[in-house]
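Summary of the model geometry
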Amino acid sequence: MDIRPATPDDATAVAAVGRETWHDTYDGIMGREAVETRVAEWYDPETVRGYFEDEAFRAYVAETADGVVGYAYSRSGQADEAGGSGTDVWHLPAVYVRPDVQGAGIGASLVERVEGDARDAAAAVVRLVVLAANEQARGFYEGLGYERVDERDESTVPGTTELVYEKRL
């Protein structure tokens, strides 16, 4: 497995991993139609390609002989963008690994690269948000040393709650 910086040329592969993983993870939590609405918006390859136009955006892909099997998005920012005291924060909005290869350390390797970027930028904290009902992701992040610091209602998914996690660097 190779973890490398993603490029706009990876947009189609990232979109495919995102669609597959979102359906596998969230169909049972929020329903297939609600998931399809979100993946149609967020995982259109042109939309993914557009993310690279933001200078604060960073992305890595995990690649095996089967191609791209996972990815992580991150960006720099301030804590007050997502609540907090104004401490420099590195945001981790997405880490997804194809369901058939989950549990092989790919997600942890992606997070490790993101944390390296955060350290290089002198960020004090890496912050992420996960749906409260996504117990697998919560366990994954807690196993990597992330601690729950807040809870909020999520407006893009009516009737769900998000949990905010942080890891001090």
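Remember, predicted model here, so these are calculated numbers, not experimental data.

Below, the discussion takes up helix α4 (residues 106-120). Its 15 residues place the ends of α4 21 Å apart at the C-alpha level, agreeing with the 21 Å of an ideal helix rising 1.5 Å per residue. Here α4 has its buried residues at Ile 106, Gly 107, Leu 110, Val 111, Val 114, Glu 115, Asp 117 and Ala 118. Ala 122 sits one or two positions beyond α4 and adopts a positive phi of about 60°.

With that settled, consider the environment of Trp 42. Considering the arrangement of structural elements, one finds Trp 42 in helix α2 (residues 32-42). Among the residues examined, Trp 42 registers a relative accessible area of 24% and is labelled partly exposed. Placed 15 residues apart in sequence, Trp 42 and Phe 57 show a C-alpha to C-alpha distance of 15 Å.

This part is about the nonpolar core. Counting 24 residues, the largest nonpolar core has Leu 92, Val 95, Ile 106, Leu 110, Tyr 141 and Tyr 146 as the members making the most contacts within it. Those elements giving two or more residues to this core turn out to be β2 (57-64), β3 (67-78), β4 (88-97), α4, β5 (125-131), α5 (135-143) and β7 (160-168). Looking at this core, the element that brings in the most residues is α4, giving five residues. Those residues within four positions of Val 95 in sequence are excluded, and the remaining contacts are Tyr 71, Ala 72, Gly 107, Leu 110, Val 111 and Tyr 141. Counting residues in each nonpolar core, the second largest holds 21 residues, with Ala 11, Tyr 26, Val 39 and Leu 131 among its members.

Running from N to C, helix α1 (residues 11-30) and α2 cross one another at 150°; their axes reach a closest spacing of 8 Å. Compared by their axis directions, α1 and α2 come out roughly antiparallel. The two elements α1 and α2 cross, and the hand of that crossing is right-handed. Of α2, the residues touching α1 (which contributes Arg 19, Trp 22, His 23, Tyr 26, Asp 27 and Met 30) are Arg 32, Ala 34, Val 35, Glu 36, Arg 38, Val 39, Ala 40 and Trp 42.

So, on to the confidence of the model for the protein chain. For the protein chain, per-residue confidence averages 91 on the pLDDT scale, and 92% of positions sit at 70 or higher. For the protein chain, strand β6 (residues 147-154) is the element with the lowest average pLDDT, namely 89, and strand β1 (residues 2-5) is the one with the highest, namely 98. This model gives residues 79-86 a pLDDT under 50, and the stretch forms 15 contacts once residues within four places in sequence are excluded.

This paragraph deals with the packing of aromatic side chains. A full pass over the atoms with the stated rule returns twelve aromatic pairs. Here the aromatic cluster, defined as three or more aromatic residues joined through ring pairs, consists of Trp 22, Tyr 26, Trp 42, Tyr 43, Tyr 51, Phe 52, Phe 57, Tyr 71, Tyr 73 and Tyr 96.

Next up on the list: the pairing of β4. Counting buried positions along β4 yields eight of ten residues, so the element is predominantly enclosed. Two strands pair when backbone bridges link them, and β4 and β5 are joined in this way by three bridges, in the parallel orientation. Across the sheet, the residue bridging to His 91 is Arg 127, located in β5. Read as a crossover between parallel neighbours, the route from β4 over α4 to β5 is right-handed.

This brings us to the side chain of His 23. For His 23, the position within the fold is in helix α1. On the basis of relative accessibility, which here comes to 13%, the residue His 23 falls in the buried class. At 3.0 Å, the side chain of His 23 and the side chain of Arg 32 are in polar contact. Sequence-distant contacts of His 23, defined by excluding residues within four places in its chain, comprise Arg 32, Val 35, Glu 36 and Val 39.

Before going further, it helps to examine unusual backbone geometry. Leave glycine aside and you will find that most residues have negative phi; peptide bonds, for their part, are mostly trans. Phi angles above zero are rare outside glycine, and Ala 122 is one such case at about 60°. Here Ala 122 is to be found in the loop between α4 and β5. The exposure class assigned to Ala 122 is exposed, which follows from its relative accessible area of 60%.

So, how was this worked out
- Position numbers for residues start from 1 in each chain and track the written sequence from start to end.
- For a predicted model such as this one, the threshold for reporting local features is a pLDDT of at least 70, and the threshold for listing and counting side-chain atom pairs is 80 or more; totals across whole chains, interfaces and linings nevertheless cover every residue.
- The side-chain quantities take in all heavy atoms of the structure and omit both hydrogens and water.
- Here a strand is any run of E in DSSP of at least two residues, a helix any run of H or I of at least four, and the numbering for each starts at the N terminus.
- Helix span, expected: 1.5 Å multiplied by one less than the number of residues in the helix.
- To sort residues, take the accessible area from a 1.4 Å probe on protein chains only and compare it with the maximum for the residue type: under 20% means buried, over 50% means exposed, and anything in between is partly exposed.
- Nonpolar cores were defined as sets of buried Ala, Val, Leu, Ile, Met, Phe, Trp, Tyr and Cys residues, with membership established by side-chain atoms within 4.5 Å.
- The criterion used for residue contact is that any of the two residues' heavy atoms lie within 4.5 Å.
- Under this scheme, a helix contributes an axis fitted over its contacting stretch, all axes are lines through C-alpha atoms, and angles between N-to-C directions fall in the 0 to 180 degree range.
- Throughout, the term roughly parallel applies to angles under 35 degrees, roughly antiparallel to angles over 145, roughly perpendicular to angles from 65 to 115, and oblique to all others.
- Take the far helix as your reference; a near helix turned counterclockwise from it by less than a right angle gives a left-handed crossing, and one turned clockwise gives a right-handed crossing.
- What pLDDT conveys is the predictor's confidence in a given residue, as a value from 0 to 100.
- The pairing test for Phe, Tyr and Trp rings, Trp by its six-membered ring, is centres within 6.5 Å, and the orientation test on the planes gives stacked under 30 degrees, edge-to-face over 60, and tilted for anything in between.
- Pairing between strands requires that DSSP locate at least two bridges from one strand to the other.
- The crossover handedness rule: strands pointing away from the viewer, path from first strand over the helix to second strand clockwise, crossover right-handed.
- Two N or O atoms count as a polar contact when they lie within 3.5 Å, although within protein this holds only if one can serve as hydrogen donor and the other as acceptor, and sequence-adjacent residues are included solely when both atoms are side-chain atoms.

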